[in-house]
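Each chain, letter by letter, is given below.
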Amino acid sequence: MPSRLLYIAPHRPNRSPGQRFRFEQYINFLESKGVSITYSYLLNARNDKQFYQRGNYFLKLWITLKGFIIRLFDVIRASKFDYIIIYREAHFLGFSIFEKWLSHRKAATIFDFDDAIWLNDISESNKNLSWLKSSTKTAKIAKHVDVVSVGNSFLAKYASQFNKNTVIIPTAIDTNIYKYRGARSTEIVTIGWIGSYTTLKHFQSAIPMLKAVKQKYAERIDFKVIVDVDYNVPELNLTSTKWNANTEFAELNKIDIGIMPLPNDEWSHGKCGFKSRLVSITL
């Protein structure tokens, strides 16, 4: 009889980089080894767009309540599974009741995260709802589960305070897909960045430096951003490409120098270097 695995995550497949590279890229392999996988997520494409827009409070309340129903169903059926992986959290609000209930079922529970999520880095569109989050939630989840898996030693140091069965699993990429493209035959050097709307602020922190580079090298240099929103910086004559899983590799291959600007703070220490790994291999 195949092993049965329930994967619990906030977002639908092929939407979140963390989910894609910490779990989804292994699905075919796991299934080839006889693992039966059920993927349970909170936000479909429509709700995702609504949830991360400003306002829409009654709609966000409905999405939150729908999330309750989804997770209650997961708790009810949890006994059918051998393993349960919880990526980041079972629900967006600041309680850990679903993780606690899931841990009381017969399945082995694994809590996986690749950011300093206990710091509650809230999206700009939901800043005024930050009171619904809890800085102690990550610790509580870690106490409930059988195993905690994290992306680096900084995260492991935090998690191991609450669960001694903490392991480091670095975020990896498939080098059969992301391959070095070789040198490009062009006199123009392209500096690029890839990320999401929520991390765009890090790229923006580098704009003064990039403006200075542009002023010095003028037409010999250009800039490219791969992101999930429309974006432009007129002073840089920047090319912005909407992120798409099917074109991600091809768009990365148009970049000569990849940048990953981050502030020197606790949230950044939780970053796992995945973006630098992705860019450095493909360039």
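Residues numbered from 1 in each chain as written. Predicted model: local features only at pLDDT ≥ 70, side-chain atom pairs only at ≥ 80, totals over all residues. Heavy atoms only, no water.

Draft legend 1. Broad picture of a nonpolar patch on the surface. On the surface, a cluster of nonpolar side chains totalling about 550 Å² of accessible area is made up of Phe 58, Leu 59, Leu 61, Trp 62 and Leu 65. Looking at the secondary structure, you find Leu 65 in helix H4 (residues 57-77). Taking the relative accessible area as the measure of exposure, Leu 65 reaches 43% and is therefore partly exposed. (Patch = residues over 30% accessible without salt bridge, like charges linked within 9 Å, V, L, I, M, F, W, Y side chains within 5 Å. Areas by Shrake-Rupley, 256 points an atom, 1.4 Å probe, with all protein chains shown as cover. Salt bridge = Lys/Arg side-chain N within 4 Å of Asp/Glu carboxyl O. Helix = DSSP H or I, 4+ residues; strand = E, 2+ residues; numbered from the N terminus. Buried < 20%, exposed > 50% of the residue type's maximum accessible area, 1.4 Å probe, protein only.)

Draft legend 2. Region of interest: the sheet that holds strand E1 (residues 3-11). With parallel pairing, 6 strands are arranged side by side in an open sheet as E2-E1-E3-E4-E5-E6. The open sheet has two edge strands with one neighbour each: strand E2 (35-43) and strand E6 (166-168). Along the sheet, successive strands turn relative to each other by an average axial angle of 20°, direction set aside. In this sheet, strand E4 (residues 108-113) lies alongside strand E3 (residues 83-87) in parallel orientation, the contact comprising 5 bridges. Looking across to E4, one finds that Tyr 83 is bridged to Ala 108. Against the sheet, H4 touches E1 and E2, its axis set at about 160° to E2. Running at roughly 150° to E4, helix H6 (residues 137-144) makes contact with E4 and strand E5 (147-150) of the sheet. (Pairing = 2+ DSSP bridges. Axes fitted to C-alpha atoms, helices over the stretch in contact; angles between N-to-C directions. Contact = heavy atoms within 4.5 Å.)

Draft legend 3. Local environment of the packing of aromatic side chains. Enumeration over the complete set of coordinates arrives at 18 aromatic pairs. A centroid spacing of 6.1 Å and a plane angle of 80° characterise the contact between Phe 203 and Tyr 231, whose relative ring orientation is edge-to-face. Of this pair, Phe 203 sits in helix H8 (residues 200-204) while Tyr 231 sits in the loop between strand E8 (221-227) and strand E9 (239-242), and the two are 28 residues apart along the sequence. As far as burial versus exposure is concerned, Phe 203 and Tyr 231 are alike and both buried. The rings of Tyr 7, Phe 23, Tyr 39 and Tyr 41 are connected pair by pair, giving a single aromatic cluster. (Phe/Tyr/Trp six-rings, centres within 6.5 Å; stacked < 30°, edge-to-face > 60°.)

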